[in-house]
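# Inside the fold
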Amino acid sequence: MEATPVRPSSPANLPLGILGAVLGGALGHFAFLWIARQGFYALALPGALTGLGCGLLARGRSLPQAVGCAALALAWGVFSEWRAFPFTKDDRLGFFLSHLHELRPMTWIMILLGGALGFHFAREPMRKGFG
C-alpha cells in the first residue's frame, strides 16, 4: 500500500491550522496539568498537541505555518510550566518570564522538545494509514 502524498497547504487552510494549533495546545496544557498532579512530568505535551492539532486541521504542508506552530508550542510550554510550577518567591507571570534563565535544564529540554514536536507535526501532518 502506497502512502498518500501530502499536498502543500492552501491559504484557505490557515485559519483551520491556527484553530487546530490553539485547541491542541489548550488540550495539551490541561492534560499536562492533570498529569503533573499525578506526579509525572510531560511538559512536551502542550507543544506536541499544538502541532498535531494544526497538522490535522490544516491538512497540508506549510513551512510558515509550522514555524508559527513551533513558536506557539514554545509559548504553551512556558505558560504550562508557570501554571504548574510558579516560583515560590513571586507567582506572577511577569516575574516568571523575567526569571526564565533560572529554570532547570530538564525543563528547558522538555519545552524545546515540545517546540520541535510542534514544528514536526505541523510540517508533516499525519497520513492515512501507518504502513
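Right, let's walk through the structure included here. From a predicted model like this one, the values you see are computed outputs, not experimental measurements. (Residues numbered from 1 in each chain as written. Predicted model: local features only at pLDDT ≥ 70, side-chain atom pairs only at ≥ 80, totals over all residues. Heavy atoms only, no water.)

### Side note on the packing of helix 3 (residues 63-84) against helix 5 (residues 105-123)
As a reminder of what qualifies: For helices, the fitted axis covers only the stretch in contact; all axes are lines through C-alpha atoms, and the angles between them, taken along N-to-C directions, range from 0 to 180 degrees. Working definition: helices are DSSP H or I runs of at least four residues, strands are E runs of at least two. Numbering for both runs from the N terminus. Angle categories: roughly parallel below 35 degrees, roughly antiparallel above 145, roughly perpendicular from 65 to 115, and oblique for all the rest. Handedness of each helix crossing follows the sense of rotation of the near helix against the far helix: counterclockwise by less than a right angle gives left-handed, clockwise gives right-handed. Here, residues are in contact when the closest pair of their heavy atoms is within 4.5 Å. Amino acids outside the nonpolar list (Ala, Val, Leu, Ile, Met, Phe, Trp, Tyr, Cys, Pro) and the charged list (Asp, Glu, Lys, Arg) are all regarded as polar, and Gly is one of them.
Relative orientation of the contacting elements helix 3 and helix 5 amounts to 150 degrees, with a least axis distance of 7 Å. Classified by the angle their axes make, helix 3 and helix 5 are roughly antiparallel. In this structure, the crossing between helix 3 and helix 5 has a hand that is right-handed. For the pair helix 3 and helix 5, contact is made by Leu63, Ala66, Val67, Cys69, Ala70, Ala73, Leu74, Gly77, Val78 and Glu81 and by Thr107, Ile111, Leu112, Gly114, Gly115, Gly118, Phe119, Ala122 and Arg123, respectively. Residues of the contact of helix 3 with helix 5, tallied by class, amount to 12 nonpolar, five polar and two charged.

### Some remarks on the packing of aromatic side chains
For clarity, the threshold we go by: Two rings from Phe, Tyr or Trp (for Trp, the six-membered ring) form a pair when their centres sit within 6.5 Å of each other. Planes less than 30 degrees apart are called stacked, planes more than 60 degrees apart edge-to-face, and all others tilted. Burial classification: accessible surface area is computed with a 1.4 Å probe over protein chains only, and a residue below 20% of its type maximum counts as buried, one above 50% as exposed, and the rest as partly exposed.
Per the stated rule, a full pass over the model turns up six aromatic pairs. Judged by centre distance (6.1 Å) and plane angle (75 degrees), the ring pair of Trp76 and Phe79 falls under edge-to-face. Of the two residues, Trp76 and Phe79 are both situated in helix 3; the distance of three residues between them amounts to about one turn of the helix. Trp76 sits in the buried class, given a relative accessible area of 16%. Relative accessible area serves as the criterion here: at 30%, Phe79 is assigned to the partly exposed category. Arranged with centres 5.6 Å apart and planes meeting at 50 degrees, the rings of Phe79 and Trp82 form a pair that is tilted. Taken together, the residues Phe79 and Trp82, both in helix 3 and three residues apart, mark about one turn of the helix.

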